[in-house]
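Observations on chain architecture
Residues per chain, in single letters:
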Amino acid sequence: QVQLVESGGGLVQPGGSLRLSCAASGGIFAIYNMGWYRQTPGKQRDLVATIPTGGRVNYAESVKGRFTISTDNAKNTVYLQMNSLKPEDTAVYYCYTRAKQTIISPQQDYWGQGTQVTVSL
């Protein structure tokens, strides 16, 4: 079973920066997409940024120019560099990947446990 382990959340003041990391492990044959979503209480989980393997990076409009997603394919790790943070960026951030565990298995979506990001004075 693929597991995603996130790190890097916390409390930061408005205008500050944080870097989230997420490492995928557990018998991965291939990764097709990695990314980050976020969720606040009572609302749906929304896309922040995704980076398909060999594809174009996709950002939510609200984070363009402030957040940067990147990957280390050798380590099956995705990063989210968050700059110029705003109070409205406060949320639980979830790591995501679409992967196959064997050459014959179907592509499946996997999620991390979530990491809290709080932007406040």
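What comes next concerns the included structure. (Residues numbered from 1 in each chain as written. Predicted model: local features only at pLDDT ≥ 70, side-chain atom pairs only at ≥ 80, totals over all residues. Heavy atoms only, no water.)

Some remarks on the nonpolar core
Counted only if it meets this: Nonpolar core, defined: a set of buried Ala, Val, Leu, Ile, Met, Phe, Trp, Tyr and Cys residues in which side-chain atoms within 4.5 Å join the residues together. The classification of residues rests on relative accessible area computed with a 1.4 Å probe and restricted to protein chains. Under 20% of the type maximum is buried, over 50% is exposed, and intermediate values are partly exposed. A helix here means a DSSP run of H or I that spans at least four residues, while a strand means a run of E at least two residues long, and both kinds are numbered starting from the N terminus.
With 28 residues, the main nonpolar core has Trp36, Val48, Phe67, Val78, Leu80, Met82 and Tyr93 as its most contacted residues. Sorting the residues of this core by element identifies strand S3 (18-25), strand S4 (30-39), strand S5 (46-52), strand S7 (67-72), strand S8 (77-82), strand S9 (91-100) and strand S11 (115-119) as the ones contributing at least two each.

What to know about the packing of aromatic side chains
The geometry of an aromatic ring pair comes down to the distance between the two centres and the angle between the two planes. Test applied: Aromatic rings from Phe, Tyr and Trp, with only the six-membered ring used for Trp, were paired whenever their centres fell within 6.5 Å, and each pair was classed as stacked if the ring planes differed by under 30 degrees, edge-to-face if by over 60, and tilted otherwise. Whether a charge sits over a ring depends on NZ of Lys or CZ of Arg being within 6 Å of the ring centre and within 35 degrees of the ring normal.
Overall, the coordinates contain three aromatic pairs when judged by the stated rule. Both rings, one in Tyr37 and one in Trp111, keep their centres 5.1 Å apart while their planes meet at 75 degrees; by these two values the pair is edge-to-face. Of the two residues, Tyr37 sits in strand S4 while Trp111 sits in strand S10 (residues 108-111), which places them 74 residues apart along the sequence. Relative accessible area serves as the criterion here: at 18%, Tyr37 is assigned to the buried category. For Trp111, a relative accessible area of 37% corresponds to the partly exposed category. When the ring of Tyr96 is compared with that of Trp111, the centres are 5.2 Å apart and the planes differ by 45 degrees; the resulting orientation is tilted. Here Tyr96, found in strand S9, pairs with Trp111, found in strand S10; they are 15 residues apart in sequence, far enough to count as distant. Taken together, Tyr37, Tyr96 and Trp111 form an aromatic cluster joined through their ring pairs. Across the ring face of Tyr94, the terminal group of Arg45 is positioned such that the distance to the ring centre comes to 3.6 Å. A cation over a ring is seen here: Arg45 above Trp111, with NZ or CZ 4.8 Å from the ring centre.

A few points about the pattern of salt bridges
A side chain with one charge can pair with a side chain of the opposite charge if their charged atoms come near. Definition in use: What makes a salt bridge here is a side-chain nitrogen of Lys or Arg within 4 Å of a carboxyl oxygen of Asp or Glu, nothing more.
Overall, the coordinates contain four salt bridges when judged by the stated rule. The partner of Asp89 in a salt bridge is Arg38, and the shortest N-O contact between them spans 3.0 Å. Residue Asp89 is found in the loop between S8 and S9, and its partner Arg38 is found in strand S4; the two are separated by 51 residues along the sequence. Grouping residues by exposure puts Asp89 and Arg38 together as buried. Asp109 is the salt-bridge partner of Arg98, the closest N and O atoms lying 2.6 Å from each other. Placement of the pair is Arg98 in strand S9 and Asp109 in strand S10, with a sequence separation of 11 residues. The exposure class of Asp109 is partly exposed, given its relative accessible area of 37%.

What to know about a nonpolar patch on the surface
Put simply, the rule is: Patches in this entry comprise residues that are over 30% relatively accessible and not in a salt bridge; like charges within 9 Å are linked, as are nonpolar side chains (Val, Leu, Ile, Met, Phe, Trp, Tyr) within 5 Å. Residue-level accessible areas treat just the shown protein chains as cover; the underlying method is Shrake-Rupley with a 1.4 Å probe.
There is a patch of nonpolar side chains on the surface, built from Phe29, Ile103 and Ile104 and spanning about 380 Å² of accessible area. By secondary structure assignment, the location of Ile104 is in the loop between S9 and S10.

Focus: the state of the cysteines
The condition is simple: In plain terms, two cysteine sulfur atoms within 2.5 Å form what is called a disulfide here.
Across all of its chains, the model carries one disulfide by this definition. Each disulfide pairs two cysteine sulfurs, and for Cys22 the partner residue is Cys95, the sulfurs being separated by 2.0 Å. One quick way to see it: the torsion about the S-S bond of Cys22 and Cys95 is about -85 degrees, and its sign makes the bridge left-handed. On the criterion of sequence distance, the pair formed by Cys22 in strand S3 and Cys95 in strand S9 is long-range, its members being 73 residues apart. Residue classification places Cys22 among the buried residues on the basis of a relative accessible area of 0%. Judged by relative accessible area, Cys95 falls into the buried class, the value being 0%.

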